[in-house]
Every structure is written in structure tokens, then in C-alpha cells.
Amino acid sequence: ETGVTQTPRHLVMGMTNKKSLKCEQHLGHNAMYWYKQSAKKPLELMFVYSLEERVENNSVPSRFSPECPNSSHLFLHLHTLQPEDSALYLCASSPGQGGTNEKLFFGSGTQLSVL
Amino acid sequence: GESVGLHLPTLSVQEGDNSIINCAYSNSASDYFIWYKQESGKGPQFIIDIRSNMDKRQGQRVTVLLNKTVKHLSLQIAATQPGDSAVYFCAEDYNFNKFYFGSGTKLNVKP
């Protein structure tokens, strides 16, 4: 248990569906991240939030919409996805003290399949 | 662009032997590196980290070596156990907690 909880663990959706992924961290951290992990590819950074403010959007298509209502919760809203968006979506958090060189703590991920 | 890569995609070792997993990075400005372990169905788990002002750091059964001259990172696992079987990633902090991750090396521990 890393203190970062993601739900659901598995999600199957059609290309016209709208769904949301949820992440909650119980570590008192100020920074939260979404990463995408595709088969046989390195983890790709998608979004970074620091103190509920988005500080990074790594050229992610608009069909992915993040939301950070408070420093403990992070959502990824999904709309009209493509089959190539099927992947493991990982949430992470870090202390976010404004500096650098901070460890990322990951959740177990949501395995997404787009049909 | 900048990238982090691993030399060996799969490594098989006998239980009790030592394991060495290697990683090459290309961003000479990166100043912080982390090794993660990922078991099937789980997210990456922190193993050990090292800052660029060090060349070696030891943990419990694990050692990370950093060679900035050739931009090379390695993870050594002593007395490898079946529970060490997983995929191992290196990650480099290239810009204020933004990380590049390697593709991963799968470690198989044979009993």
C-alpha cells in the first residue's frame, strides 16, 4: 500500500462513452500526476498538478481532461477515446514542497481498454 | 529528444546470485535518478534514488551506481530472491520533478 488509491482498477469503454478515473492520495502531498503506460513503452507524463493548479500538460489530446478539486484528489475525465488510448493509467503524488528531486509515489493504476 | 534507455530487456538469474540492471541516460543536466520496481498488476514502487553529487548509494540489498562521465546508471541486487522478480525502471529528473522513464528490464529469478 503506497497511500495512493486508484479506481476503478479495470475499465472497458466504447469510443463514444464518457468515463472518469479517480485517484486519491493519503500522504499529505501537494503535487499529483497522471502517467500513461502503454505496452512495451516507457511511462509517459500526461499532467502535473501542484497545489491544485495544473502546471504541466504534456501535449495530451483534449479527449483527456484532468481535474484536481483539492490536493488529495485527482480525476481524469475521458471522452471519445480511441483504441490506441488503451493503456495502464497511473496516478502519482509527491510532497510538492516547491523544490525538485522528489520521489513519486504511484497508485496501482487503471487498466483501460477502449473498444 | 532526450531519453532514458535500458541495455537488457530481460535478465534471468539464479536465486541467491547477484543481479545487475543497467540504464543509460542522455540528459547530462539531469541531477536526480530513481529506480522503480513494478510487479504484475501493481504500480511502480520506489526502490532507491541517487543525486548527481554522489556516485554510489546503498540500501537494503540494493546498490545504485552513477557514472556521470558516461551517463550510466546501474542497480545491483544482492542475493536475489524470487520476490525480486519484476520489471525494473530507471527514471531521470530532467526538469523540476518531471521524469523520463526507461522502458524497463524484466528480472526473472530462477529457484
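Description of the structure in this document.

What counts, and where the lines are drawn
- Residues numbered from 1 in each chain as written.
- Chains lettered and ligands numbered in written order.
- Predicted model: local features only at pLDDT ≥ 70, side-chain atom pairs only at ≥ 80, totals over all residues.
- Heavy atoms only, no water.
- Contact = heavy atoms within 4.5 Å.
- Buried area = accessible area lost by both parts, 1.4 Å probe.
- Salt bridge = Lys/Arg side-chain N within 4 Å of Asp/Glu carboxyl O.
- Helix = DSSP H or I, 4+ residues; strand = E, 2+ residues; numbered from the N terminus.
- Nonpolar A, V, L, I, M, F, W, Y, C, P; charged D, E, K, R; others polar.
- Disulfide = S-S within 2.5 Å.
- Buried < 20%, exposed > 50% of the residue type's maximum accessible area, 1.4 Å probe, protein only.

1. Structural notes on the interface of chain A and chain B
Across the contact, 20 residues belong to chain A and 21 residues belong to chain B. When chain A packs against chain B, the two sides together hide about 1700 Å² of surface, and 52% of this comes from carbon and sulfur. For the chain A face of the interface with chain B, the top three residues by lost area are Leu43, Asn101 and Lys103 of chain A, together amounting to 30%. The interface formed by chain A and chain B holds 1 salt bridge in total. Across the salt bridge formed by Asp49 of chain B and Lys103 of chain A, the nearest N and O atoms sit 4.0 Å from each other. At the level of elements, strand 4 (31-37) and strand 9 (87-94) of chain A are the ones that each hand at least two residues to the side of chain A that touches chain B. The residue inventory of the side of chain A that touches chain B, partitioned by class, reads 9 nonpolar, 7 polar and 4 charged.

2. Digging into the environment of Val4 of chain A
Residues and elements named next belong to chain A. Tracing the chain through its elements places Val4 in strand 1 (residues 4-7). With 109 residues separating them in the primary sequence, Val4 and Ser113 have C-alpha atoms 22 Å apart. Those residues in contact with Val4, other than ones at most four positions away along the chain, are Cys23, Glu24, Gln25, Leu27, Cys91, Ser93, Phe105, Phe106 and Gly107.

3. Quick look at unusual backbone geometry
With an omega dihedral of -10 degrees, the bond running from Thr7 of chain A to Pro8 of chain A counts as a cis peptide bond. Structurally, the position occupied by Pro8 of chain A is in the loop between strand 1 and strand 2 (10-13). We note that Thr80 of chain A has phi near 50 degrees; this positive angle belongs to a residue other than glycine. Tracing the backbone shows Thr80 of chain A in the loop between strand 8 (73-79) and strand 9. In this structure, Lys71 of chain B is a non-glycine residue whose phi angle is positive, near 55 degrees.

4. Remarks on the state of the cysteines
Using the criterion set out here, one finds 2 disulfides over all chains in the structure. Cys23 of chain A shares a disulfide with Cys91 of chain A; S-S distance 1.9 Å. An S-S torsion of about -75 degrees defines the bridge between Cys23 of chain A and Cys91 of chain A as left-handed. Note that Cys23 of chain A is positioned in strand 3 (residues 18-25) and Cys91 of chain A in strand 9, a separation of 68 residues in sequence. Like Cys23 of chain A, the residue Cys91 of chain A is buried in the burial classification. Put simply, Cys23 of chain B and Cys90 of chain B are joined by a disulfide, and their sulfur atoms are 1.9 Å apart. Between Cys23 of chain B and Cys90 of chain B, the S-S torsion sits near 60 degrees, and that sign places the bridge as right-handed.

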